[in-house]
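For reference, the chains in residue letters:
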Amino acid sequence: MQYLPILQHPDSRLRVKATTVESFDEKLANQADKMLATMYNANGIGLAGTQVDFHRRLIVVDVSESRDGPITLVNPEILLIGETVSSEEGCLSIPGVHDTVKRSDRINISAKSIDGSTLEMEAEGMLAICVQHECDHLDGILFIDHLSSLKRKRINEKLKRAPES
Ligand code: ZN
């Protein structure tokens, strides 16, 4: 399996808003497979199409400890139904940076599965937070956008100083 290159902040392609998936074909299934392999290889818990320069609304996640619970969501729509909680996040597109972000601890998800069938689920805890993070990517939003401008400035300066880390 060939891994997909993951775009790194501040690549402007991370700011592209992804468009709705219309065809549930083999090409889409292959893309999801490659994204899952790339996510596992990078030890990530989620990856959005946007991060691999595929600007359609497709995300993959796996928050299981055993790394055998892949979830693929196409055209995901989320409804925040929980309490706001703070937790530490990182991102494969911003390596070495972790910070606390406020998100809902419970969400309703409406999406399509990879074969185009309708998928409705409720998610909580880390899965809920991860799906919110990945859905943000599809709208060109990074987790650092949720931080104060001062924190974001510090992060961007740090990344400029050490682009390889
Ligand atoms: Zn991310």
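First things first, this report covers the structure right here in the doc. The numbering scheme is per chain: residues are counted from 1 as the chain's sequence reads. Predicted model: local features are reported for residues with pLDDT of at least 70 only, side-chain atom pairs are reported and counted for 80 or more only, and whole-chain, interface and lining totals are derived from all residues. Side-chain measures here rest on the full set of heavy atoms in the structure, leaving out hydrogens and waters.

Topic: the overall build of the chain
In terms of regular secondary structure, the chain is built from three helices and seven strands. For the purposes of this entry, the term helix denotes a DSSP run of H or I that reaches at least four residues, the term strand denotes a run of E that reaches at least two, and both are numbered from the N terminus. Of the regular secondary structure in the chain, the N- to C-terminal order runs α-β-β-β-β-β-β-β-α-α. Across its three principal axes, the chain shows a C-alpha extent of roughly 45 × 40 × 30 Å. Burial status follows relative accessibility: with a 1.4 Å probe on protein chains alone, a residue under 20% of its type maximum counts as buried, one over 50% as exposed, and anything between as partly exposed. Within the chain, the fraction of its 165 residues that count as buried is 42%. Residue contacts are counted whenever heavy atoms from the two residues lie within 4.5 Å of one another. Counting only contacts in the chain whose residues sit at least 6 apart along the sequence, the fraction spanning at least 24 positions is 64%. Working note: accessible area of the chain is about 8900 Å², and carbon and sulfur atoms make up 49% of it. Neither His nor the chain ends is counted toward charge; the positive residues are Lys and Arg and the negative residues Asp and Glu. Every charge is mapped to an atom, namely NZ of Lys, CZ of Arg, CG of Asp or CD of Glu. For the chain, the distance from the average position of its 19 positive side-chain charges to the average position of its 25 negative side-chain charges is 9 Å. Throughout, the Shrake-Rupley method with a 1.4 Å probe supplies accessible areas, and for residues the shown protein chains are the sole cover considered.

Quick look at the environment of Ala162
Secondary-structure assignment places Ala162 in the segment after helix H3 (149-161). Sequence separation between Ala162 and Tyr40 is 122 residues, and the spatial gap between their C-alpha atoms is 25 Å.

Re the sheet that holds strand E6 (residues 106-112)
Any two strands with at least two DSSP bridges between them are considered paired. Taking strand neighbours across the sheet as the criterion, the five strands line up as E1-E2-E3-E6-E7 in an open arrangement whose pairing is antiparallel. Two strands bound the open sheet, and with one partner strand each, they are strand E1 (46-48) and strand E7 (118-124). Pairs of neighbouring strands in the sheet enclose a mean axial angle of 40 degrees, with direction left out of account. In terms of strand pairing, E1 meets strand E2 (residues 58-61) through three bridges, oriented antiparallel. What sits directly across from Leu47, in E2, is Val60. With axes taken as lines fitted to C-alpha atoms, and helix axes fitted only over the stretch in contact, angles between N-to-C directions fall between 0 and 180 degrees.

As for the side chain of His133
Topologically, His133 is positioned in helix H2 (residues 125-138). Engagement of the side chain of His133 in a polar contact is seen with the side chain of His137, the distance being 3.3 Å. Excluding residues that lie within four positions of it along the chain, His133 makes contacts with Glu89, Gly90, Cys91, Arg103 and Phe143. Two N or O atoms form a polar contact when they lie within 3.5 Å of each other; inside protein one atom must be a possible hydrogen donor and the other a possible acceptor, and for residues adjacent in sequence the pair counts only when both atoms belong to side chains.

As for unusual backbone geometry
Geometrically, the link from His9 to Pro10 is a cis peptide bond, its omega value of 10 degrees lying close to zero. Despite not being glycine, Asn43 has its phi angle at roughly 60 degrees, a positive value. Among the structural elements, Asn43 can be located in the loop between helix H1 (26-41) and E1. A relative accessible area of 66% means that Asn43 is categorised as exposed. Within the chain, Arg67 stands out as a residue other than glycine whose phi angle is a positive 60 degrees.

Focus on the pairing of E2
Covered by surrounding structure in E2 are Leu58 and Val60 together with Ile59 and Val61, the residues of both alternating faces. Where E2 meets strand E3 (residues 71-80), four bridges bridge the pair, whose relative direction is antiparallel. Looking at the pairing, Ile59 lines up with Leu73 of E3.

Considerations on H1
Side chains that are three or four residues apart share a direction in an α-helix, a result of its 3.6 residues per turn. By this rule the span expected of a helix is its residue count minus one, scaled by 1.5 Å. Taking 1.5 Å per residue, 16 residues should reach 22 Å; H1 reaches 22 Å between its end C-alpha atoms and fits that length. All buried positions along H1 are accounted for by Leu28, Gln31, Ala32, Met35, Leu36, Ala37, Thr38 and Met39. Buried-residue contacts for H1 involve E1, E2 and E3.

So, the coordination of the zinc ion
Working reference: metal with six octahedral donors, ideal angles 90 or 180 degrees; metal with four tetrahedral donors, ideal angle 109.5 degrees. For Na, K and Ca the donor cutoff is 3.2 Å, while for all other metals N, O and S atoms must lie within 2.8 Å; water is not among the atoms, so some sites may look incomplete. The protein atoms that coordinate the zinc ion are Cys91 (SG), His133 (NE2) and His137 (NE2), at distances spanning 2.0 to 2.3 Å. Spacing between the donor residues of the zinc ion along their common chain follows C-x41-H-x3-H. Linking Cys91 in the loop between strand E4 (84-89) and strand E5 (99-104) with His133 in helix H2, this pair joins segments that are 42 residues apart in sequence. On the basis of relative accessible area, His133 is assigned to the buried category, the value being 7%.

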